[in-house]
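Geometric and topological summary
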Amino acid sequence: MSERSDITLTINGHAHAIRVEPRRTLVDAIREDCGQTGTHIGCEHGVCGACTVLVDGEPVRSCLMLAVQADGREIRTVEGLANGDDLNPLQRAFMEHHGLQCGFCTPGFLMLVTGVLEREPDISDDDLVDVLSSNLCRCTGYQSIVKAVRAAAAQMRR
Amino acid sequence: MAPPDAKPKEKFVGRSVPRLEDRPLLTGRGRFAADISFPRQLHMRVVRSNFAHGRIRSIDPSAALAKAGVHAVWTAADTADIPPIDFRLTRIECLEPYRQRLFATGTVRYVGEPVAAVFADDPYLAEDAAELVVLDVEELPPLLRADAEPGEFEPGRSTEPAIVRKGYGDIDAAFRSAHAVVEATLSIGRHSAVPIETRGAIARYDAADDMLELHGAAKVPHWNRAQIARMFGRALSSVHLYEGHVGGGFGVRGELYPEDVLVCAAAMRLRRPVKWIEDRREHLIAANHSRQQCHHVRAAVDRDGRILAIEDEIFHDQGAYMRTHAATVPDLTAAMLPGPYRVPAYRADVHIRLTNKTPCGTYRAPGRFESTFVRERLLDAIAARLRLDRIEVRRRNLIALQEMPYARPLDTLGTGIVLDSGDYAGLLDKALAAVEWPRLREKLAQRRAAGELVGAGVALFVEKSGLGPIDEVRISVDEQGTVEVVSGSASVGQGMETVLAQICADALGVDCHRVRVVHGQTNRIERGMGAFASRVTVMTGEATRIAAAALRTKAIEAAAELLQAPAAVLDVVDGEVVRTDSGAGPSIGLAAIARALGRGSKLGAEHPLGLTAEGSFTSNHMNYPYGVHIAVTRVDAETGAVDIERFLIAYDVGKAVNPMLIEGQIVGGCAQGIGGALLEEFLYDERGEPLSVTLADYLMPTAREVPPVQVLIREDAPSPLNPLGLKGAGEGGANAVGAALAAAIDDALGAPNAVTELPITPLRLKRLIGHAGRGERLAAKPQPLDRPDEAR
């Protein structure tokens, strides 16, 4: 367990050279070794989706991936969404539609939706609800999240 | 011309202002417990009992201690000098011997009970070492049912430490003279808040100034501060708690738990910061559970369905220990059960029963989710028995508008129950109109005739909010003109910063975006009650309004001197003191007034220093919001699944400060209610081994299961107990979901009184469908609280 590997995690375009145990999860490496604490840990068994990040454009539960598996791949996290102080359309829609309360699950939802809308900008409302049902939120009851995502998707299509 | 004491215009209160809290949370810049780290910190891993009940023969930490990087392993012997965690609310003295100590001492009483803790350089290492701690236990038979014969907690102490008794009136006479007696046995499953952020605590001791800090605090930081100081025999001024972002509270997070005290003890003794972050399995077996009760309820009614008396014997499954809430949930259950109805005679006996399961505390609408289910099931049963319409039977029993305020000879949380205001029948009408009830009934009847299992259910309830006794707020304007509201309240993600900023903005006369709100920092304000019982908007909100009004008066008085104008013609508008008697004339900003009141300035010599004011609000009574839930469901006879086609919640909050946030509270609460009504349940096997230890076993609703919820926010009955008329909005969304869904499913099955147990899982529902299909009469038979043999 103690044999460590040198890997490079590229997070939001920045390369982080780190040394990790083979068993280290990607989310721990992102948070603890790279200091990007916007990605949250909710269950560590792949159900809640709070730790969702994009790896080479695909939404991934970063608690179920090992850091060494992400070596050299492009990782995107919530910290990379805004442009300086300017929130992106999805973030703005979450604010306008009250798509968050405590905000703990929010980064996971934002990254899940970002990945899905990039791949499938014309996703149907019903498919969207299916996608959103892969992450858990305990505060909002989801309908404000659904509204926010629909609004952002419509705006992005324009 | 507005005199300075005129009621300020509402520019922000009443509007759906986007939240001030959102930006850091949307950009990954929040500060949740796990995000906090200190140099040289140790990581704590708790070793937990894997036996539900047994005598500890030995705990061997030697293999764990032998690992490089492990600094200490503690057991009960190491913390014997630290007292058990005390009660925060609803103390009954005879419950005290049942309080939980930091570690199991001699006996383990539930799976998940802390028996040891490992302190190591790294969390992975701490977890490895914890696996090496050898716990040897002589297993004892577990007690798993609250309605079974009580056993022994320890020699000479029963597992029934107390019975909470509430009531009034001549029950026996009422039952003797009754036209009919309607009975039911009803039970509510064990479930809980399960926020997406698990618990966390980071303690730091600074020997340089002998200061103990606890980070990751939530809900009640000031109370926890005082407790921690008392438990360690430290001066109050040498302990501070710091609240960061809180990933969901709902009653569970922020109570003082063994782990919070352990990190403090370790930080002081090991002289390094100590961090503990709970994992999900731990959370599901160690953080407070809630709700599990069995009710044997009966009502005496006259021939018109009017209630003469209600009698309820309740078995409350408390789990293994009495935690901080002591008798809160049993107390609220008994006190709130009569709800919005006239109940001339009443008796509730709540047996507090300890079992070998995770200890329980409050969860959103504690005692009300449970008692509303029971009361509304009872009303439906009365309707069925007397062949009356379900709505009509409710109308006949509702407390009328003219009877308000309505004093009920019961008390709870140390306050007498006086229903302060409400138009219960009016709200019922509005809710029924919103769903077009007669047409809805007709359509459902047609669909049922075509073979579908569809139905509608209605449930009414009274909530409670604004628990006092006091809240204090200090507001200051600095020399740049920024307004800072310092409260002793807490944020659990509900949007309280925005709400307090809105209230402050209107009362002071500034833009709410110039207001910073401080909460949960014990070093910033001496006292604070925190965030629970839907109290923040009412108590902290009113204290904020009072402080802001005092600050406005102070600013105007200072401006009167500076502008050489009579105070009576001045007003504060958008942060500027202006003359209201002429369109033009000089004005002065709050920042300039703050500078003029600064040290060394001319005005500062004659006025109290600084542009700052305090406000406090005292309230000896809670106030009582109320609501109606209407559910429309379709039952799938093949799978036993319930599809919620429609859900309406009408809720009277007295005064809506931010309707968007209230809707968020109501819809979010409804989703949690749906979880408790249909999906969520902590199950145990016959040895007391928990079966719901991952989020794949403990099923919470997703975006698929929660329907669009229609919300009708009403301001029909402002509370007379505070000038804005505020009532709390945190719990009404959850309160009656179980009751309304049960009624809707009964209706869908065409089988009154069918649902007697929550959650209504597919398996239980399939069984009911089987009975209904065979045309059997559905009797409300006593149900065991736990069904270890039953899979979902």
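Computed from a predicted structure; not experimentally measured. (Residues numbered from 1 in each chain as written. Chains lettered and ligands numbered in written order. Predicted model: local features only at pLDDT ≥ 70, side-chain atom pairs only at ≥ 80, totals over all residues.)

Along its length, chain B carries 20 helices and 30 strands. In summary, chain B has a C-alpha radius of gyration of 28 Å against a globular reference of 28 Å for 792 residues, a match within 12%. A buried classification covers 59% of the 792 residues belonging to chain B. Sequence-distant contacts in chain B: of pairs separated by 6 or more residues, those separated by 24 or more amount to 82%. (Helix = DSSP H or I, 4+ residues; strand = E, 2+ residues; numbered from the N terminus. Rg over C-alpha atoms; globule rule 2.2 N^0.38 Å. Buried ≥ 20, exposed ≤ 12 C-beta atoms within 10 Å, placed from the backbone. Contact = placed C-beta atoms within 7 Å.)

A few words now on the interface of chain A and chain B. Reports of interface size often rely on the accessible area that becomes lost once the parts have come together. Each partner contributes to the interface: chain A provides 42 residues, whereas chain B provides 42 residues. For the side of chain A that touches chain B, the elements supplying multiple residues, two or more each, are α2 (89-96), α3 (106-119), α4 (125-132) and α5 (143-157) of chain A. The greatest single-element share of the side of chain A that touches chain B, amounting to four residues, is contributed by α2 of chain A. Residue composition of the side of chain A that touches chain B, by class: 22 nonpolar, 16 polar and four charged. (Nonpolar A, V, L, I, M, F, W, Y, C, P; charged D, E, K, R; others polar.)

Quick look at the confidence of the model for chain B now. All names here are of chain B. Looking at chain B as a whole, the pLDDT averages 95, with 96% of positions reaching at least 70. Note that pLDDT drops below 50 for residues 775-792; the model gives that stretch 34 contacts with residues more than four away or on any other chain. The ipTM for the predicted assembly is 0.98, set against a pTM of 0.96. (pLDDT = per-residue confidence, 0-100.)

Axes are the key here: two packed helices are described by the angle between their axes and the distance separating the axes. All names here are of chain B. Their axes nearest at 9 Å, the elements helix α9 (residues 368-386) and helix α10 (residues 390-397) cross at an angle of 115°. For the element pair α9 / α10, the angle class is roughly perpendicular. Relative to α10, the crossing made by α9 is right-handed. For the pair α9 and α10, contact is made by Leu 379, Asp 380, Ile 382 and Ala 383 and by Arg 390, Val 393 and Arg 394, respectively. In the contact of α9 with α10, the residues fall into four nonpolar, no polar and three charged. (Axes fitted to C-alpha atoms, helices over the stretch in contact; angles between N-to-C directions. Parallel < 35°, antiparallel > 145°, perpendicular 65-115°, else oblique. Left-handed = near helix turned anticlockwise from the far one by under 90°.)

What follows deals with the environment of Glu 118 of chain A. By secondary structure assignment, the location of Glu 118 of chain A is in helix α3. Along the sequence, Glu 118 of chain A and Glu 58 of chain A sit 60 residues apart, while their C-alpha atoms lie 9.5 Å from each other.

Right, let's talk about the environment of Glu 21 of chain B for a bit. Residues and elements named next belong to chain B. Positionally, Glu 21 belongs in the segment before α1 (22-26). Residue class for Glu 21 comes out buried when judged on the 24 C-beta atoms lying within 10 Å of it. Glu 21 sits 475 residues away from Met 496 along the chain, and the two C-alpha atoms are 8.9 Å apart. Among all residues touching Glu 21, those that are not within four sequence positions of it are Gly 495, Glu 497 and Thr 498.

A separate point is the sheet that holds strand β15 (residues 293-301) of chain B. All names here are of chain B. Read from one edge to the other, the open sheet built from five strands follows the order β9-β17-β16-β15-β10, with strand pairing classed as mixed. Every interior strand has two partners, whereas the edge strands, β9 (162-168) and β10 (180-188), have only one. Taken pair by pair, the neighbouring strands of this sheet meet at an average axis angle of 10°, ignoring direction. Here seven bridges tie β9 to strand β17 (residues 345-354), and the two strands are oriented antiparallel to one another. Looking at the pairing, Val 164 lines up with Val 350 of β17. (Pairing = 2+ DSSP bridges.)

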